[in-house]
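In case you want the letters, here they are:
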Amino acid sequence: MSEYDSDPNGVEATSIAGARLVPHITIQAFCENAKTAQMIEQAASDRRMNKVALTTHNGGISAAIEIYRVNPTPNLIILESSLAAHELIDSLNELAGVCDASTRVVVIGHQNDVELYRKLIRFGVSEYLVMPIESSVLVDTIAEQFASESSAPIGRTIAFMSAKGGAGSSTIAHNTAWAISQTVRRDVLILDMDLPFGTAGLNFNQEPPHGLADAVFSKDVVDDVVIDRLMSKCANHVNLLTAPGTLDRDYDFEERSFEQIVEICQNNVPLVVLDLPHAWNAWIRHTLSTVDEIVVVAEPDLANLRNTKTILDKLKELRPDESEPILMLNKVGVPKRPEIAANEFGTSIDAECFGQIQFDPALFGSAANNGQMIAEINASHKINEIFTNLALKTTGRSDQGGTQQGGVIPGLLRKLKLA
Ligand SMILES: Nc1ncnc2c1ncn2[C@@H]1O[C@H](COP(=O)(O)OP(=O)(O)OP(=O)(O)O)[C@@H](O)[C@H]1O
Ligand SMILES: [Mg+2]
């Protein structure tokens, strides 16, 4: 709803959403009254909410603040509040301090008050609904926020590429995706874009009959329904579009062959990890120029150093205004192998290494052979911290590990400062 009128739950909101499904988002609702909780649970069973993970909690905004001090925030928080305007704004301010920048907030209140509505919208709240409402009105509001033509794509795209074949970018991509699912607790979709040789299916012990090739070679229109059908869920919050891993056909693509698929994924899933092959061609160059974050994985030797420099220089040219690629050194400490030290590697190409991972053939070999992530093989292994740091960094949260709070200026707070 663009502007408030006499009816805050008006016709506009109910007619906009149409039948589009709400994407794979997480929603947490905080209710003061049982009736509201009931209405929200009813909304969760609406057909359009099939892909949504929704949980309801008792306790309103104060409970939300307590929970988000120590837990990651979902894509959407629904808050029921009967607080007076200034108290509500104060509480939202406190919530903003523990809230991730990308989280949106819908407030359900009990006062049909134009001034309050305007204040909340100015503050950065996505919508203010007044009880009593039908559950379908709430679904309309959510669909309008996340599934309408005008809603911004929810997905952040993170591409992983090796500086030299076999440096470990797929392994790091998959483990980072896993760490994202655990720390950020939002849905992640891994696109295995190495169609002839990709290992995402093997690494997650999945053998789905369909995957990314069905989308890219499809003669029919590919939309979110098709993508959902092709995706395989391999763990809580982790989804895959696997590569066929066969040589039954050639894999020659146009510059923009994957563009629309990536966009659909981005509209459908909050975090999209692109596992790119080690190659240089038009579609890889184009994909790299469009993603939000890039991780370059290199081994500490001369060929990797040369390639990293070439890749970083090219990326600077392709994306002058975007964030710098994140450089990871992998397979550090291979016995008897002469190596370039991490700081030397970084300074000689004027880049900073975000982290380094030791060569550990027993650990990585078992993980690969069992089709498991490192955290599944050994949850307390120190390497998991590196994946968690990378998860937080690539999703725009703190790069120091730990919880996300304080790592970014929360969206609500930033809006408040601008107001
Ligand atoms: N730190 C490590 N220690 C030991 N082995 C590792 C490590 N990291 C990755 N590996 C192993 O190295 C091999 C190659 O890894 P991976 O397939 O991730 O490379 P890649 O960079 O994706 O290759 P490509 O560039 O061809 O896509 C795998 O067998 C993997 O288990
Ligand atoms: Mg790979």
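Per chain, residue numbering runs from 1 following the sequence as it is written. Key to labels: chains lettered from A, ligands numbered from 1, both in the order written. Given that the model is predicted, a residue must reach a pLDDT of at least 70 before its local features are reported, and side-chain atom pairs must reach 80 or more before they are shown or counted; all residues, however, enter totals for whole chains, interfaces and linings.

**Looking at the overall build of the chain**
Under the convention used in this document: For the purposes of this entry, the term helix denotes a DSSP run of H or I that reaches at least four residues, the term strand denotes a run of E that reaches at least two, and both are numbered from the N terminus. Two things to know: the radius of gyration comes from C-alpha atoms, and the globule rule equals 2.2 Å times the number of residues to the power 0.38. Any residue with 12 or fewer other C-beta atoms within 10 Å of its own C-beta is exposed, any with 20 or more is buried, and the rest are partly exposed; the C-beta atoms used are placed from the backbone. Think of it this way: build a C-beta for each residue from its backbone, and any pair within 7 Å is a contact.
When helices and strands are tallied, the chain shows 18 helices and 13 strands. Here the C-alpha atoms of the chain give a radius of gyration of 23 Å, agreeing with the 22 Å that 2.2 N^0.38 yields for 419 residues. Summarising its shape, the C-alpha atoms of the chain cover approximately 70 × 45 × 40 Å along the three principal directions. Counting across all 419 residues of the chain, residues that qualify as buried make up 46%. At a minimum sequence separation of 6, the contacts of the chain that also span at least 24 residues come to 77%.

**Overview of the sheet that holds strand E10 (residues 271-275)**
Let me state the cut-off plainly: Any two strands with at least two DSSP-identified bridges between them are counted as paired. Angles shown run from 0 to 180 degrees and are taken between the N-to-C directions of axes, each axis being a line fitted to C-alpha atoms and, for helices, limited to the stretch in contact.
Sheet architecture is open: eight strands sit in the order E8-E9-E7-E10-E6-E11-E12-E13, paired in mixed fashion. With partners counted over all chains shown, the strands left at the sheet margins are strand E8 (232-235) and strand E13 (353-358), one partner each. Within the sheet, the average angular offset between the axes of one strand and its neighbour, ignoring direction, is 25°. Pairing between E8 and strand E9 (residues 238-241): three bridges, direction antiparallel. Bridge assignment links Ser-232 to a residue of E9, and that residue is Leu-240. Sheet strands in contact with helix H7 (residues 169-183) are strand E6 (156-162), strand E7 (188-192), E8, E9, E10, strand E11 (293-298) and strand E12 (326-332), and its direction is about 165° off that of E7. Sheet contacts for helix H13 (residues 302-318): E11 and E12; angle to E11, the most-contacted strand, approximately 165°.

**Quick look at the sheet that holds strand E5 (residues 127-130)**
As summarised here, the arrangement of the five strands in space is E2-E1-E3-E4-E5, forming an open sheet in which the pairing is parallel. Two strands close off the open sheet at either side, each with one partner strand: strand E2 (53-58) and E5. Recorded for the sheet is a direction-independent mean angle of 15° between the axes of neighbouring strands. As paired elements, strand E1 (residues 26-31) and strand E3 (residues 76-80) share four bridges and run parallel to each other. Bridge pairing in E3 links Ala-29 to Ile-78. The sheet contacts of helix H6 (residues 135-146) involve E3, strand E4 (104-109) and E5, and relative to E5 the element is tilted by about 175°.

**A word on helix H2 (residues 34-44)**
Under the convention used in this document: Comment: arc refers to directions from the helix axis out to C-beta atoms.
Restricting attention to buried positions, one finds in H2 the residues Thr-36, Met-39, Ile-40 and Ala-43. Buried positions in H2, seen along its axis, are confined to an arc of 95° and lie on one side of it. More than 90 degrees from the buried face of H2, the exposed residues found are Ala-34 and Lys-35. Check the buried side of H2 and you find it contacts E1, E2, E3, E4 and H6.

**Topic: the pairing of E12**
Short version of the rule: Look down the strands so they point away from you; if the path from the first strand over the helix to the second goes clockwise, the crossover is right-handed.
Extensive coverage of E12 is indicated by the burial of six of its seven residues. Each parallel crossover has a hand, and the one from E11 via H13 to E12 is right-handed. Relative to E13, E12 runs parallel, the two being bridged by four bridges. Bridged to Met-328 within E13 is Gly-355. In the classification by handedness, the crossover that spans E12, the intervening helix H14 (residues 342-348) and the parallel E13 is right-handed.

**Observations concerning the packing of H7 against helix H17 (residues 383-394)**
Working note: a packed helix pair is described by the angle between its axes plus the distance between those axes. Cut-off, in case you're wondering: Angular relationships are summarised with four words: roughly parallel below 35 degrees, roughly antiparallel beyond 145, roughly perpendicular across 65 to 115, and oblique for the angles in between. Residues are grouped as follows: Ala, Val, Leu, Ile, Met, Phe, Trp, Tyr, Cys and Pro are nonpolar; Asp, Glu, Lys and Arg are charged; every other residue, Gly included, is polar.
As a packed pair, H7 and H17 sit with axes 8 Å apart at the nearest point and diverge in direction by 75°. Comparing their axes, H17 and H7 come out roughly perpendicular. Each of Asn-175, Thr-176, Ala-179, Ile-180 and Thr-183 in H7 lies in contact with H17, whose residues at this interface are Phe-387, Thr-388, Leu-390, Ala-391, Leu-392 and Thr-394. Here the contact of H7 with H17 is built from residues that sort into six nonpolar, five polar and no charged.

Interpretation in functional terms is not warranted from these geometric data alone.
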